[in-house]
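Read off the chains here:
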There are 2 protein chains.
Amino acid sequence: MSKVIIDDVAARAGVSIKTVSRVMNNEPNVSERTRDRVLAAARELNYRPSLSARGLAGSRSYLIGLLYDNPSPAYLAEIQAGLLEACEASHYSLALHPCRHEDPGMPAAVSAALAQARLDGLIITPPVCNVPALMAAVEERGVPYAVISDEAGPSGFAVTIDESAAMRDLTEHVIGLGHTRIGFIAGHPDHKGAARRRDGFETAMRTHGLGIDPAMVVQGYFDFESGRHGARELLSRSNPPTSIIAANDDMAAGALQVAHDKGLHIPTDLVIVGFDDSPLSRQVWPPLTTVRQPVADMAREAAARVIARLTGAAEPDNPADLAFPHELRLRQSSLGDT
Amino acid sequence: MSKVIIDDVAARAGVSIKTVSRVMNNEPNVSERTRDRVLAAARELNYRPSLSARGLAGSRSYLIGLLYDNPSPAYLAEIQAGLLEACEASHYSLALHPCRHEDPGMPAAVSAALAQARLDGLIITPPVCNVPALMAAVEERGVPYAVISDEAGPSGFAVTIDESAAMRDLTEHVIGLGHTRIGFIAGHPDHKGAARRRDGFETAMRTHGLGIDPAMVVQGYFDFESGRHGARELLSRSNPPTSIIAANDDMAAGALQVAHDKGLHIPTDLVIVGFDDSPLSRQVWPPLTTVRQPVADMAREAAARVIARLTGAAEPDNPADLAFPHELRLRQSSLGDT
DNA sequence: CTGAAAGCGCTAACAT
DNA sequence: ATGTTAGCGCTTTCAG
């Protein structure tokens, strides 16, 4: 029961190993009856083709790599969950490849790892997918890939939400509350998404005739601590904001903590909103108004597309990059008690 | 540059492929000079042995599997980070295997996956490692493994902290603050660690002559929502607690939110403490007193031991299960402003 | 200390 | 629609 190989299945089904191979790979040119017999034999023997052998003989490794750099745990977990759903459905495995996006040697290292592990496909998350040298290396290798971003190279897919529009919606919600003095804690400068979100904020402000006060925009890095810093800066201005928009939830939570420390009541004294609808946004007090981004769905789709390319499945009708819908989540940090 | 194989290296170094193989695997019986030449050739050619070929020829796949069931994202991320450190150091890859611990078919499915992917080793986290049928299946397959728990089967390693002692320390901290009416939100009943933590709580209470009031202990499931439920229950008692100990941080954060909703001031009106020192414990307000568990270190050690078994490295001096130190993290949820 | 030969379990070309 | 024959790139015998 421990080491069933293709010959065993072939023998039991009374066919050649090639036929078994055909059946296991869903290739055409196998009669219905034969296919059924092979499948039955495989099931009875509990046969699973060896990945190593497949990888060596074919060119496929049945491995999809995930390239990431120190994302928030919640984001990482959601990405992985989505990818795994798609992978499992197609009998692919997921291999993790953390890396450091600022490391100049990273693209070369990734390229080498690609060659060694013979990864069939790659999923790349920000900010790694915003490193031109890396993307060039990936393109050069010719590996099918998808980025969780709004822009892929010629041979890749991109899945994303319209981050600019999402931040515009969020900002307009705050403006709709009557705020005119709105602080903004920007995201990590290496993330393209951070720039998009900032654009959205500025567009909304301008559209509503509010203008951008440079003193109301501070640099953050998507982490909790930078949210604390940013909020402290904003709140120490001579004319402090009445609301703070953070480019993600972690920073918004940091701002929230600072506000509490200062004895400010949320949302009465200060409105704080975040972005991502992370678990944290629901777990702080008061819960944060934020924008939901269907990360798991996006990841699943990214993996599904890469796998579709691999298996030569028909390309989806819409081969263009895919934009997912976002959704405002209004909570007490902007609305008060309900 | 894209497809360097062992023959290329052998040719360049002027040796046979077997010698190259020896060098790449750190086998003995290669002269210093030959080894150097081979290494030089490999480096110049940027040679990476193919994992598939290695897996097929040898018995090793250079893949370590991580078996887990829906843990908190923070825990998962920390576990993965620790495992990856150890894996990378030894050129192993990590394959993710989420599963559902209550699924009766899970052990069989895992066993099949083990056979197919030829995983060399396994790391198993709670509550999966608390499923006897799964552990039996793993033992039967004879795969080296480690559990993040306090008890492994005959062929496995266990890495853990002394959860009972840790919870005892935490409870004693609260008792030391002068509390006598202490509520406890227990962890998931399927986690052995949850039982240990509960033991620690009860031991501390008894040791200090406080006894266990059944009305002060409620069942939780390690998730935020169950922390909210538990806290609501406890605080609705006719004689509510003056402090709440939750078996993990997520539940403590839930309790915190409920307390805030009720207008209670923390820690003046109610002390709340958690367990795990998760990022969340630092990101809520006020920050939670908790117990640090060096999860990443534990995971790294778990993977390192499994890999050591695989590579036939000398077993560490202390082959027994490994207990890591825990550490109290005192924060404002029990101490007030400093 | 080193090398030659024989597979590992599968898929890719060709048969048939 | 099915079978036969070669390898894939490496490690494992077993010889030197």
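Residues numbered from 1 in each chain as written. Chains lettered and ligands numbered in written order. Predicted model: local features only at pLDDT ≥ 70, side-chain atom pairs only at ≥ 80, totals over all residues. Heavy atoms only, no water.

Time to look at the interface of chain A and chain B. Listed per partner, the contact involves 41 residues of chain A and 40 residues of chain B. Summed over both partners, the interface of chain A with chain B buries about 3800 Å², with 57% contributed by carbon and sulfur atoms. It is Gln116(A), Gln283(A) and Trp285(A) in chain A that bury the most area against chain B; as a group they hold 18% of the surface buried on that side. One can count 0 salt bridges joining chain A with chain B. Here chain A is connected to chain B by 7 residue pairs in polar contact (both at pLDDT 80 or more). Elements supplying a minimum of two residues to the side of chain A that touches chain B: helix H4 (51–57), helix H5 (73–89), strand E2 (93–98), helix H6 (106–117), helix H11 (249–261) and helix H12 (279–283) of chain A. Sorting elements by how many residues they give to the side of chain A that touches chain B places H5(A) first, with 7 residues. Class assignment of the residues belonging to the side of chain A that touches chain B gives a composition of 24 nonpolar, 11 polar and 6 charged. (Contact = heavy atoms within 4.5 Å. Buried area = accessible area lost by both parts, 1.4 Å probe. Salt bridge = Lys/Arg side-chain N within 4 Å of Asp/Glu carboxyl O. Polar contact = N/O pair within 3.5 Å; in protein donor to acceptor, adjacent residues only side chain to side chain. Helix = DSSP H or I, 4+ residues; strand = E, 2+ residues; numbered from the N terminus. Nonpolar A, V, L, I, M, F, W, Y, C, P; charged D, E, K, R; others polar.)

Attention shifts here to the relation of the copies chain A and chain B. Once chain A has been moved 0.1 Å along the axis and rotated by 180°, it coincides with chain B to within an RMSD of 0.1 Å. What we have between these two chains is a two-fold relation. Closest approach to the rotation axis within chain A is made by the C-alpha atom of Ser52(A), at a distance of 2.1 Å. In this assembly, 98% of the residues forming the interface of chain A have copies in chain B that are likewise at the interface, indicating an isologous arrangement. (Least-squares fit on C-alpha atoms with pLDDT ≥ 70 in both.)

Moving on: the protein's contact with DNA strand C. DNA strand C sits among 25 residues. The nearest are Ile6(A), Tyr47(A), Thr19(B), Arg22(B) and Thr34(B). Between DNA strand C and Ser50(A), the relevant distance is 3.3 Å, taken from a phosphate oxygen to a main-chain nitrogen or oxygen of the residue. Arg22(B) is positioned with one of its side-chain polar atoms (N or O) 2.7 Å from a base oxygen of DNA strand C. For the surface near DNA strand C, the secondary-structure elements that each account for two or more residues are helix H2 (17–24) and H4 of chain A together with helix H2 (17–24) and helix H4 (51–57) of chain B. (Near = heavy atom within 4 Å.)

Within the element layout of this structure, Leu76(A) appears in helix H5. For Leu76(A), a relative accessible area of 6% puts it in the buried group. With 153 residues separating them in the primary sequence, Leu76(A) and His229(A) have C-alpha atoms 24 Å apart. If we skip the residues at most four places from it in the chain, Leu76(A) touches Leu66(A), Tyr68(A), Pro71(A), Ala77(B) and Gln80(B). (Buried < 20%, exposed > 50% of the residue type's maximum accessible area, 1.4 Å probe, protein only.)

The next point concerns the pattern of salt bridges. Residues and elements named next belong to chain A. For the coordinates displayed, the defined rule picks out 40 salt bridges over all chains. We note a salt bridge from arginine 196 to aspartate 150, for which the minimum N-O separation is 2.2 Å. Within this pair, whereas arginine 196 is found in helix H9 (residues 192–207), its partner aspartate 150 is found in the loop between strand E4 (145–148) and strand E5 (156–161), the two being separated by 46 residues in sequence. Because the salt bridges share partners, they merge into one network encompassing Asp277, Arg282, Glu327, Arg329 and Arg331.

In this section: the pairing of strand E2 (residues 93–98) of chain B. Consecutive side chains of a regular strand alternate in pointing toward one face of the sheet and then the other. Residues and elements named next belong to chain B. In terms of burial, E2 is largely enclosed, as 5 of its 6 residues are buried. In this structure, strand E1 (residues 63–68) lies alongside E2, joined through 6 bridges in parallel fashion. By the bridge assignment, isoleucine 64 is partnered in E2 with leucine 94. As for the winding sense of the linkage, the β-α-β connection from E1 through helix H5 (residues 73–89) to E2 is right-handed. (Pairing = 2+ DSSP bridges. Right-handed = clockwise from strand over helix to strand, strands pointing away.)

In sheet architecture, strand pairing relies on hydrogen bonds along the backbone and comes in two forms, parallel and antiparallel. Residue and element names in this part refer to chain A. Sheet architecture is open: 4 strands sit in the order E7-E6-E8-E9, paired in parallel fashion. One side of each edge strand has no neighbouring strand; the edge strands of this open sheet are strand E7 (217–218) and strand E9 (271–273). Pairing geometry for strand E8 (residues 243–246) and E9, over 3 bridges, is parallel. For isoleucine 245, the partnering residue across the bridge sits in E9 and is valine 273. Relative to strand E6 (residues 182–185), helix H10 (residues 224–235) is tilted by about 150°, and along the sheet it contacts E6, E7 and E8. Set on the sheet, H11 makes contact with E6, E8 and E9; between it and E9 the angle comes to about 155°. (Axes fitted to C-alpha atoms, helices over the stretch in contact; angles between N-to-C directions.)

So, on to the sheet that holds strand E9 (residues 271–273) of chain B. All names here are of chain B. Reading across from one edge, E7-E6-E8-E9 is the order of the 4 strands in this open sheet, with parallel pairing throughout. Each of the sheet's edge strands pairs with one partner strand only, and the pair in question is strand E7 (217–218) and E9. Docked against the sheet, helix H8 (residues 163–176) engages strand E6 (182–185), strand E8 (243–246) and E9, running at close to 170° with respect to E8.

What follows concerns the protein's contact with DNA strand D. Neighbouring DNA strand D are 25 residues; Asn29(A), Thr34(A), Ile6(B), Lys18(B) and Tyr47(B) lie closest to it. Per the 4 Å cut-off to the protein, sugar and phosphate atoms form 61% of the nearby atoms of DNA strand D. One of the backbone nitrogen or oxygen atoms of Ser31(A) is found 2.7 Å away from a phosphate oxygen of DNA strand D. At the level of secondary structure, the elements contributing two or more residues to the surface near DNA strand D comprise H2 and H4 of chain A together with H2 and H4 of chain B.

What follows concerns the UniProt feature "domain: HTH lacI-type" (unreviewed entry) in chain A. As recorded in UniProt, the sites labelled "domain: HTH lacI-type" (unreviewed entry) are residues 4–58 of chain A. The span residues 4–58 of chain A carries 67% helix and 0% strand; its end-to-end C-alpha distance comes to 20 Å. (UniProt positions renumbered as here; feature names shortened; annotations may be inferred.)

Turning our attention to the nonpolar core. Residues Ile124(A) and Ile124(B) are the most contacted members of the largest nonpolar core, which totals 187 residues. Contact partners of Ile124(A), with chain neighbours within four places excluded, come to Leu67(A), Cys129(A), Leu134(A), Met135(A), Val138(A), Tyr145(A), Ala146(A), Val147(A) and Ile148(A). (Core = buried A, V, L, I, M, F, W, Y, C linked by side-chain atoms within 4.5 Å.)

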